[in-house]
Amino acid sequence: MNVQGSFFDDRDAREISLLNGELVYYPQFFNTVDSDDFMQKITNTIDWKQESMKMYGKSVLFPRLMAWHGDATMSYRFSGNTFTPADWTPLLLQIRDRITPISGHSYNSVLLNLYRNGNDAMGWHADDEPELGPQPVIASVNFGATRRFLLRYKSDHRQKYELPLEHGSLLIMKGALQQYWEHQVPKTTKVSTGRINLTFRFIHP
Ligand SMILES: O=C(O)CCC(=O)C(=O)O
Ligand SMILES: [Mn+2]
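Criteria and cut-off values
- Residues numbered from 1 in each chain as written.
- Chains lettered and ligands numbered in written order.
- Predicted model: local features only at pLDDT ≥ 70, side-chain atom pairs only at ≥ 80, totals over all residues.
- Helix = DSSP H or I, 4+ residues; strand = E, 2+ residues; numbered from the N terminus.
- Rg over C-alpha atoms; globule rule 2.2 N^0.38 Å.
- Buried ≥ 20, exposed ≤ 12 C-beta atoms within 10 Å, placed from the backbone.
- Contact = placed C-beta atoms within 7 Å.
- Near = placed C-beta within 6 Å.
- Nonpolar A, V, L, I, M, F, W, Y, C, P; charged D, E, K, R; others polar.
- Core = buried A, V, L, I, M, F, W, Y, C linked by C-beta atoms within 7 Å.
- Expected span 1.5 Å × (residues − 1).
- Arc of directions from axis to C-beta.
- Pairing = 2+ DSSP bridges.
- Axes fitted to C-alpha atoms, helices over the stretch in contact; angles between N-to-C directions.

### Description of the overall build of the protein
Thinking step 1. For the protein, the helix and strand inventory stands at three helices and 16 strands.
Thinking step 2. Its C-alpha radius of gyration of 16 Å places the protein within 12% of the 17 Å reference for a compact globule of 205 residues.
Thinking step 3. When its C-alpha atoms are laid out on the principal axes, the protein stretches across 45 × 40 × 40 Å.
Thinking step 4. When the 205 residues of the protein are sorted by exposure, 31% land in the buried category.
Thinking step 5. Considering only residue pairs separated by 6 or more positions, the protein has 72% of its internal contacts joining residues 24 or more positions apart.

### A short note on the site of ligand 1
Thinking step 1. Taken together, Leu111, Asn113, Met122, Asp127, Ser140, Phe149, Leu165, His183, Val185, Asn197 and Thr199 make up the full set of residues adjacent to ligand 1.
Thinking step 2. If you list the elements that add at least two residues to the shell around ligand 1, you get strand 9 (109-115), strand 15 (181-185) and strand 16 (195-201).
Thinking step 3. Classifying every residue of the shell around ligand 1 gives five nonpolar, five polar and one charged.

### A short note on the environment of Thr45
Thinking step 1. In this structure, Thr45 sits in helix 1 (residues 32-45).
Thinking step 2. When the 11 C-beta atoms within 10 Å are taken as the criterion, Thr45 is described as exposed.
Thinking step 3. A sequence separation of 44 residues divides Thr45 from Thr89, and the C-alpha atoms of the two residues are 9.6 Å apart.

### Looking at the nonpolar core
Thinking step 1. Residues Leu112, Ala139 and Leu170 are the most contacted members of the largest nonpolar core, which totals 40 residues.
Thinking step 2. When residues in this core are grouped by element, the largest group, five residues, is from strand 9.
Thinking step 3. Discounting chain neighbours no more than four positions away, the residues touching Leu170 are Tyr26, Phe29, Ile99, Ala139 and Val141.

### Concerning helix 2 (residues 90-103)
Thinking step 1. The end-to-end C-alpha separation of helix 2 is 20 Å, in line with the 20 Å expected for 14 residues at 1.5 Å each.
Thinking step 2. Taken as a whole, helix 2 has its buried residues at Leu92, Ile95, Arg96 and Ile99. Looking straight down helix 2, one finds that the buried residues subtend no more than 100 degrees of arc, so they occupy a single side. In helix 2, the exposed positions angled more than 90 degrees off the buried face are occupied by Pro90, Gln94, Asp97 and Pro101.
Thinking step 3. Structurally, helix 2 contributes buried residues whose contacts are with helix 1, strand 6 (65-70), strand 9, strand 11 (138-144), strand 14 (169-174) and strand 16.
Thinking step 4. Phi turns positive one or two residues past the end of helix 2, at Gly104, with a value near 70 degrees.

### Some words on the sheet that holds strand 13 (residues 156-165)
Thinking step 1. Spatial ordering of the open sheet is given by 10-15-12-13, a layout of four strands whose pairing is antiparallel. In this open sheet, the two strands that pair with only one neighbour each are strand 10 (122-125) and strand 13. Averaged over all pairs of adjacent strands, the angle between their axes in this sheet comes to 15 degrees, without regard to strand direction.

### Remarks on helix 1
Thinking step 1. Between its terminal C-alpha atoms helix 1 stretches 20 Å, which fits the 20 Å expected from 14 residues at 1.5 Å a residue.
Thinking step 2. All buried positions along helix 1 are accounted for by Ser35, Phe38, Met39 and Ile42. Take helix 1 and look down its axis: the buried residues cluster within an arc of 100 degrees, on one side only. Along helix 1, the residues that are exposed and aim more than 90 degrees away from the buried face are Val33, Gln40, Asn44 and Thr45.
Thinking step 3. Contacts from the buried residues of helix 1 go to helix 2, strand 11 and strand 16.

### Overview of the pairing of strand 11
Put simply, side chains in a regular strand alternate between the two faces of the sheet.
Thinking step 1. The buried fraction of strand 11 amounts to seven of the seven residues, a majority that puts the element mostly inside the structure.
Thinking step 2. As defined by bridge partners, strand 11 adjoins strand 14 across five bridges and the pair is classed as antiparallel. Each bridged residue has a counterpart across the sheet, and for Ser140 the counterpart in strand 14 is Leu171.
Thinking step 3. For strand 11 and strand 16, the ladder comprises six bridges, and the chain directions are antiparallel. Pairing of Ser140 across the sheet is with Thr199, part of strand 16.

This is the structure:
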């Protein structure tokens, strides 16, 4: 496996250099008090929807709830669906403003996923839509149950990497990661509680 892990002191950030892709992981980016509060508020105040996708000509429900917020008047395609964003909420802006200086990038939208329990999941994909640009920097924030985040190299599935995404953590995906790697959050029988993931993205108009 082509992985070099290096550790440095900056808020316990862990830099993970993969072949043709980079991750930076901050395990406790938000403290437990804030994370508990954010988890509860986001779960209860977001207008969650179970969207459907077309698969082999049939309409299939996504195994999780989703929402999308961001700057007005842009649309975004994901798994064959076109989404229009709801307005930023004060809390989403607060979270965005905490991660912007750390990631060194600005974000004009956030995709939210609610995994109600271990039965909810996200399949293999890359966030490589053209509107994200060639080397998107995507900031992924996690609250609630720890779930496994798996990566595999697109052209050689034997190359893989895995990390558990913990309550209050921030994961930055950057470099050529989306071009060369896919990621997923698999189902698990070990988790019975909810998890929220927010991916902050910059969509080119
Ligand atoms: O839930 C996660 O950690 C992954 C979310 C993700 O990959 C996405 O929203 O594109
Ligand atoms: Mn993704």
